[in-house]
Structure formats: C-alpha cells, structure tokens
Amino acid sequence: MSTAVPPGATPESPAGTPRLTVLSGPSGVGKSTVVAHLRNVHPDVWLSVSATTRRPRPGEAHGLEYFFVDDEEFDKLIANGELLEWASFAGNRYGTPRKAVLAHLERGEPVLLEIDLQGARLVQQAMPSARLVFLAPPSWDELVRRLTGRGTEPPEVIERRLAVARTELAAEPEFDATLVNTSVEEVSAELLALMRIA
Ligand code: 5GP
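1. Overview of the side chain of Arg54
Inference 1: The residue Arg54 is located in the loop between β3 (50-52) and β4 (66-68) in this model.
Inference 2: Of the residues examined, Arg54 reaches a relative accessible area of 7% and is grouped as buried.
Inference 3: A distance of 3.0 Å separates the side chain of Arg54 from the side chain of Glu60, its partner in a polar contact.

The structure is reproduced here in structure tokens:
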C-alpha cells in the first residue's frame, strides 16, 4: 500500500474530502445555534469542545459546551502544546484541544470547529486544507438585536463584543465561503453541503 499523499492534498485531508471545517463569525451571529441544529440532524459530525477561562453561563456544563478552566490551567494547556490554536476574546481565553481534533481526523471523521476569527486564521496557517466558513448576520441591526437580546451579559461586555464584531465582519473575504444566517435550518443544510455530508 502506498502512503504517498495525492497531488493537491495534505496528510490531514486527501484530495476532494475536506474534513476539517471551521465555522466562524461575529459573537451573537448564531454560530452555536446553527451547530446545535446541525448536530441534531447529523450526530456523526464531531464538534470540538474548547477550553475556556470564561465562567459557565446558566445551563452550560463542563465537558459539553466547554471545558471550563482557570487561568493557571489554561497557561498549562498552552505550555504543554495541548492547544491547536487559542485566542483572547472579550476578556477571556478560548482554545481548541489539539489531540481530540487530530484523532478524529485520523479516523476520517468530519470535524467541525466553532471558533472566533483569530482562531480561524491560526487554524488556516496550521492546516491549510481546512475549510473556513463565515457565518454573517442578515444585517448589522439584527446582530445588535441578537447580542443585546441574549440578556446573559452586562452592557460593558456587550459593547466589547460589538466592537470585536465590527472588525470580524470586515474579515469575511478571508473565508472560503459565507453563509448568511437567515434561517437555522437553511444554514445548517448549507453547512452540511459544504462539508459534503448532505
Ligand atoms: P462565547 O463566550 O460566546 O461562548 O464565545 C465567544 C467566542 O469565542 C465565540 O466567537 C466563539 O466562537 C469563540 N470560541 C469558542 N471556542 C473557541 C476556541 O477554542 N478558540 C477560539 N479561537 N475561539 C473560540
């Protein structure tokens, strides 16, 4: 058996089968709602669980939405090279555990990361075959409405997230594809199609 990599492919992604998909976009655009719906429809899509120093929101559980860690533990994850990428976002740190992502890719399973723009750029550098998908709001006003309406963050945190969102929206051309979040069902179907699953 040959172990050669086909032309145009990289070891983590044989030609024509992009297996690592990165969904990014401004905070509040609805990334996690889209991902939750997609996983209901296709539970075989593996979603990486990130580590974060953010406090859990009501209803969030350790190991499900995130691995909630303190600053010291996060420092250790970085120092031990355990994160594929990490970024500071609105006062907290978030990172993708490397080992689990690589294990799923090695098994040929579709992997989805839901991360911020800085993280998406870092993944693109580390794994150029990754497919970067930008989730855009239908409009700026709608994004403000969604961020304000969540009601889980104090006003100064919302302000910080809106400032970040402004710069994130400008990064759209860096992505391989843009999906506009008009309907959760439509966007998750489009995302599955991009992942070549549906
Ligand atoms: P939230 O606090 O609303 O759950 O997430 C804030 C932002 O951090 C979102 O844009 C989310 O996509 C991003 N994020 C979540 N996990 C990661 C990660 O592992 N790495 C990076 N770079 N961003 C992440």
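Next comes the rest of the write-up.
2. Notes on the sheet that holds β3
Inference 1: Pairing is mixed across the open sheet formed by 4 strands, whose spatial order is β4-β3-β6-β5. Either end of the sheet is taken by a strand with one partner, and the two such strands are β4 and β5 (83-89). Taking the axes of each pair of neighbouring strands and ignoring which way they run, one obtains an average angle of 25° across the sheet.
Inference 2: Bridge count for β3 against strand β6 (residues 92-97) is 2 bridges, and the pairing is antiparallel. Across the sheet, Ala51 pairs through a bridge with Gly95, a residue of β6.
Inference 3: The sheet contacts of helix α2 (residues 71-79) involve β3, β5 and β6, and relative to β6 the element is tilted by about 40°.
Inference 4: Set on the sheet, helix α3 (residues 98-106) makes contact with β5 and β6; between it and β6 the angle comes to about 30°.

3. Some points on the layout of surface pockets
Gaps left between atoms show up when a probe the size of a water molecule is rolled over them.
Inference 1: Here the largest pocket defines a volume of roughly 1000 Å³.
Inference 2: Lining the largest pocket are 36 residues, with Lys31, Ser32, Arg57, Tyr66 and Glu114 positioned closest to its centre.
Inference 3: Counting residues per element, the ones that place at least two in the lining of the largest pocket are α1 (31-41), β5, β6 and β7 (111-114).
Inference 4: The element contributing the most residues to the lining of the largest pocket is α1, with 6 residues.
Inference 5: In terms of residue class, the lining of the largest pocket is made up of 14 nonpolar, 10 polar and 12 charged.

4. Observations regarding helix α6 (residues 155-169)
Inference 1: Its 15 residues give α6 an end-to-end C-alpha distance of 21 Å, which sits within 8% of 21 Å, the value for a rise of 1.5 Å per residue.
Inference 2: Looking at the buried residues of α6, the elements they touch are β5, β6, α4 (117-126), β8 (131-136) and α5 (140-149).

5. Some details on the pattern of salt bridges
Inference 1: Taken as a whole, this structure holds 8 salt bridges when the rule is applied.
Inference 2: Linking Arg57 and Glu60 is a salt bridge whose minimum nitrogen-to-oxygen distance equals 4.0 Å.
Inference 3: Classification of Arg57 by relative accessible area gives buried; the value is 18%.
Inference 4: Asp75 serves as the salt-bridge partner of Arg93, at 2.9 Å between the closest nitrogen and oxygen. With Arg93 in strand β6 and Asp75 in helix α2, this pair connects stretches of sequence that are 18 residues apart.
Inference 5: In the salt-bridge network here, residues are joined through shared partners; they are Arg54, Arg57 and Glu60.

6. Comments concerning the pairing of strand β9 (residues 177-180)
Inference 1: The alternating pattern of β9 places Ala177 and Leu179 on a buried face, while none of Thr178 and Val180, on the opposite face, is buried.
Inference 2: Note that β8 and β9 share 4 bridges and pair parallel. Paired with Leu135 across the strands is Leu179, a residue of β9.

7. Examining the site of the ligand
Inference 1: As a structural note, the neighbourhood of the ligand is formed by 16 residues, with Ser50, Arg54, Tyr66, Tyr94 and Asp116 the closest of them.
Inference 2: Taking Ser50, its side chain carries an N or O atom lying 2.6 Å from an oxygen atom of the ligand.
Inference 3: At 3.3 Å, a side-chain N or O of Thr96 approaches an oxygen atom of the ligand.
Inference 4: Protein contacts shield 96% of the accessible area of the ligand, which totals 510 Å² for the unbound molecule.
Inference 5: The cavity that encloses the ligand is the largest pocket.

Cut-offs used in this document
Residues numbered from 1 in each chain as written. Predicted model: local features only at pLDDT ≥ 70, side-chain atom pairs only at ≥ 80, totals over all residues. Heavy atoms only, no water. Helix = DSSP H or I, 4+ residues; strand = E, 2+ residues; numbered from the N terminus. Buried < 20%, exposed > 50% of the residue type's maximum accessible area, 1.4 Å probe, protein only. Polar contact = N/O pair within 3.5 Å; in protein donor to acceptor, adjacent residues only side chain to side chain. Pairing = 2+ DSSP bridges. Axes fitted to C-alpha atoms, helices over the stretch in contact; angles between N-to-C directions. Contact = heavy atoms within 4.5 Å. 1 Å grid on protein atoms, 1.4 Å probe; cavity = no way out; pocket = protein on both sides within 12 Å on 5 of 7 lines; lining within 4 Å. Points joined across faces, edges and corners; volume = space filled by probe spheres on them. Nonpolar A, V, L, I, M, F, W, Y, C, P; charged D, E, K, R; others polar. Expected span 1.5 Å × (residues − 1). Salt bridge = Lys/Arg side-chain N within 4 Å of Asp/Glu carboxyl O. Near = heavy atom within 4 Å. Areas by Shrake-Rupley, 256 points an atom, 1.4 Å probe, with all protein chains shown as cover. Sits in = over half its atoms within 2 Å of the grid points.

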